[in-house]
Amino acid sequence: MNRIVIKPQWMFSGDADQQRQKMPALLGLLSAIYEDGNLTRACVTVGISYRYAWGLIRNGVQIFGVPLVKLTRGQGAKLTALGEKLVWADKRIVARLAPILDSLASELESEIERARADSRAVLRIYASHGYAVAMLRDFLLRRQIPVELQFRGGMDALASMSHSNCELAGFHVPVGSYQPMVLAHYAKLLRSKSQKLIAVSTRRQGIMVAKGNPLAIRSFADLGKPGIRFVNRQLGSGTRMLLELMLEREQLDSRSISGFEVVEFTHDAVAAYIASGMADAGLGVEPGARKFNLDFIPLVNERYFLACHDNTLATPPVQELLLALQSNEFRTVINNQHGLDSANSGAVMSIDDAFPDLPQ
């Protein structure tokens with residue numbers, strides 16, 4: 001099963017065809033300059049000549065009317081304010097759309113696989129967005145195991161499994177005192193007599209803040225302070241559910257949090273929003289914070305599970321998935337990510353054993 005990659009690309013309407021074609025290359029060059037601070041090394045990073053790079057920089061001036069790059073003798077290359085804004089706009093676009101485009105690509109891969117005469121059964125996974133499950137999909141595809149991964153909210157994923165729209169449903173549950181409250185939301189979709197759970201990983205959820213934590217944010221109580229801008233997750237996401245439970249426990253009014261109504265749909269998108277300077281804090285998992293060089297204030301650990309019906313567990317695709325989760329190779333990949341742990345990956349358990357306090 002071949003991997004399909006769909007990437008966002010933006011341009012300005014009315015530009016000449018040649019300028020539109022150069023926009024992706026210009027953005028790639030600007031991003032490399034931002035990361036490296038040296039034009040020569042940036043050219044190597046993106047695989048273009050120094051001469052072509054200068055052509056892109058001049059083209060950028062023509063498009064925007066102002067310089068995007070400053071070169072200072074002895075100090076290398078630096079982006080102007082507009083150059084930085086373009087880079088972060090592109091990062092935010094990618095962070096926001098990547099899971100959606102990955103889901104569309106996965107759906108297309110599955111349709112192509114099903115159309116082949118020698119096709120194998122495609123394993124359908126609908127799951128709450130998570131780094132471990134995304135890496136699992138890549139891992140399975142490299143092993144030539146057909147899989148379709150669609151990112152959905154945890155409740156939506158479980159509902160889809162109950163209606164046989166997918167074989168596996170991914171969702172996450174906090175460890176500790178918040179677990180019973182979260183399980184109360186999932187209880188009507190979990191069936192202890194006919195379903196099993198497959199452990200994927202544990203992860204840390206917490207507050208993402210700018211590098212160095214310049215506003216000295218330490219807890220949820222700080223989010224309501226004047227001048228602190230928050231970015232939220234969308235309604236229906238497990239992270240949003242957890243946030244609202246935390247606010248309720250701390251007796252904090254969401255109306256006191258500036259930006260509470262501003263939402264993003266992935267952990268990466270929240271992190272990119274903060275890293276670009278548009279917000280000061282947001283709730284998310286640690287890999288997203290580290291990816292965008294943010295500081296991270298851990299609050300709670302979560303277990304990430306894939307749920308399935310009992311009769312699904314013995315099917316060849318799910319058995320192959322279990323072998324992948326239990327492999328040293330996959331566990332190494334997971335453990336190399338900040339805030340993820342694979343200690344129990346691939347373990348199969350009953351719902352009663354995983355959640356003794358599940359409301360009946």
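Residues numbered from 1 in each chain as written. Predicted model: local features only at pLDDT ≥ 70, side-chain atom pairs only at ≥ 80, totals over all residues. Heavy atoms only, no water.

Counting its regular elements, the protein contains 14 helices and 12 strands. Its C-alpha atoms give the protein a radius of gyration of 23 Å, within 12% of the compact-globule value 21 Å for 360 residues. With respect to the principal axes defined by its C-alpha atoms, the protein has extents near 70 × 60 × 40 Å. Within the protein, the proportion of its 360 residues that are buried is 50%. Partitioning the contacts of the protein with sequence separation of at least 6, the portion at a separation of at least 24 is 74%. Total accessible area on the protein is roughly 17,000 Å²; 51% of this is exposed by carbon and sulfur atoms. Here the protein carries 40 positive and 35 negative side-chain charges, and the mean point of each set is 6 Å from the other. (Helix = DSSP H or I, 4+ residues; strand = E, 2+ residues; numbered from the N terminus. Rg over C-alpha atoms; globule rule 2.2 N^0.38 Å. Buried < 20%, exposed > 50% of the residue type's maximum accessible area, 1.4 Å probe, protein only. Contact = heavy atoms within 4.5 Å. Areas by Shrake-Rupley, 256 points an atom, 1.4 Å probe, with all protein chains shown as cover. Lys, Arg positive; Asp, Glu negative; His and termini not counted. Charge placed at Lys NZ, Arg CZ, Asp CG, Glu CD.)

Following both chains from N to C, one finds helix H12 (residues 316-326) and helix H13 (residues 328-335) inclined at 60 degrees, their axes separated by 5 Å at the closest point. The angle between H12 and H13 places the two elements in the oblique class. On H13, the residues that touch Ala324, Leu325 and Gln326 of H12 are Asn328, Phe330 and Arg331. Looking at the contact of H12 with H13, its residues break down into 3 nonpolar, 2 polar and 1 charged. (Axes fitted to C-alpha atoms, helices over the stretch in contact; angles between N-to-C directions. Parallel < 35°, antiparallel > 145°, perpendicular 65-115°, else oblique. Nonpolar A, V, L, I, M, F, W, Y, C, P; charged D, E, K, R; others polar.)

We now examine the packing of aromatic side chains. For any pair of aromatic rings, the description consists of the separation of the ring centres together with the inter-plane angle of the planes. Scanning the entire structure with this criterion turns up 8 aromatic pairs. Aromatic pair Trp88 and Phe292: ring centres 6.3 Å apart, planes at 40 degrees, arrangement tilted. With Trp88 in helix H4 (residues 81-115) and Phe292 in the loop between helix H10 (286-291) and strand E10 (295-309), this residue pair connects regions lying 204 residues apart in the sequence. By relative accessible area, which is 14% here, Phe292 ends up buried. Ring geometry for Phe230 against Phe260: centres 6.4 Å apart, planes inclined by 15 degrees, an arrangement best described as stacked. In this pair, Phe230 is assigned in strand E7 (residues 230-233) and Phe260 in the loop between helix H8 (238-249) and strand E8 (263-264), connecting sequence segments 30 residues apart. What makes Phe230 buried here is its relative accessible area of 3%. In this structure an aromatic cluster arises from ring pairing among Phe171, Tyr186, Phe305 and Phe355. The ring of Tyr126 has Arg152 lying over it, and the distance from NZ or CZ to the ring centre is 4.2 Å. (Phe/Tyr/Trp six-rings, centres within 6.5 Å; stacked < 30°, edge-to-face > 60°. Lys NZ or Arg CZ within 6 Å of the ring centre and 35° of its normal.)

Tallying each qualifying case throughout the model produces 17 salt bridges. One salt bridge connects Lys196 with Asp310, and the closest N-O pair in it is separated by 3.2 Å. Taken as a pair, Lys196 in strand E6 (residues 195-209) and Asp310 in helix H11 (residues 310-313) lie far apart in primary sequence, 114 residues in all. Using a relative accessible area of 24% as the deciding quantity, one classes Lys196 as partly exposed. Close ionic contact of Lys225 with Asp222 constitutes a salt bridge, the shortest N to O distance being 2.9 Å. By sharing partners, the salt bridges in this structure join Arg204, Glu286 and Arg290 into a single network. (Salt bridge = Lys/Arg side-chain N within 4 Å of Asp/Glu carboxyl O.)

Now for the side chain of Ser106. The topology assignment puts Ser106 in helix H4. When near neighbours in sequence (up to four residues on either side) are disregarded, Ser106 contacts Arg137, Val147, Glu148 and Leu149.

What follows is about the environment of Glu264. Relative to the helices and strands, Glu264 is located in strand E8. For Glu264 and Thr202, which are 62 residues apart along the polypeptide, the C-alpha to C-alpha distance reads 23 Å. Here Glu264 is in contact with Arg96, Val231, Asn232, Arg233, Gln234, Ala269, Val270 and Tyr273, once residues within four sequence places are set aside.

The next point concerns unusual backbone geometry. Although it is not a glycine, Asn213 sits at a positive phi angle of roughly 45 degrees. Along the chain, the position of Asn213 falls in the loop between E6 and E7. Relative accessible area serves as the criterion here: at 9%, Asn213 is assigned to the buried category. Although it is not a glycine, Asn293 sits at a positive phi angle of roughly 60 degrees.

Another point: the environment of Met161. Tracing the backbone through its elements, the reader meets Met161 in helix H6 (residues 154-162). Taking the C-alpha atoms as reference, Met161 lies 7.3 Å from Cys308; in sequence the two are 147 residues apart. Those residues in contact with Met161, other than ones at most four positions away along the chain, are Cys166, Glu167, Ala169, Gln195, Ala307, Cys308 and His309.

Another aspect to go through is H8. Over its 12 residues, H8 runs 17 Å from end to end, which matches the ideal 16 Å to within 8%, given 1.5 Å per residue. Of all 12 residues making up H8, 9 are buried, and the element is well covered by its neighbours. Taken together, the buried positions of H8 are occupied by Gly238, Thr239, Arg240, Met241, Leu242, Leu243, Leu245, Met246 and Leu247. Positive backbone phi, approximately 55 degrees, marks Gln251, located one or two places after H8. (Expected span 1.5 Å × (residues − 1).)

Counting residues in each nonpolar core, the largest one holds 43 residues, and the members touching the most others are Phe171, Leu197 and Phe355. The leading source of residues in this core is H8, at 6 residues. Once you skip the residues sitting within four places of it in the chain, Leu197 turns out to touch Phe171, Phe305, Leu306, Ala307, Ala347, Val348, Met349, Ile351, Ala354 and Phe355. Ala132, Met135, Leu168 and Leu340 belong to the second largest nonpolar core, which has 31 residues in total. (Core = buried A, V, L, I, M, F, W, Y, C linked by side-chain atoms within 4.5 Å.)

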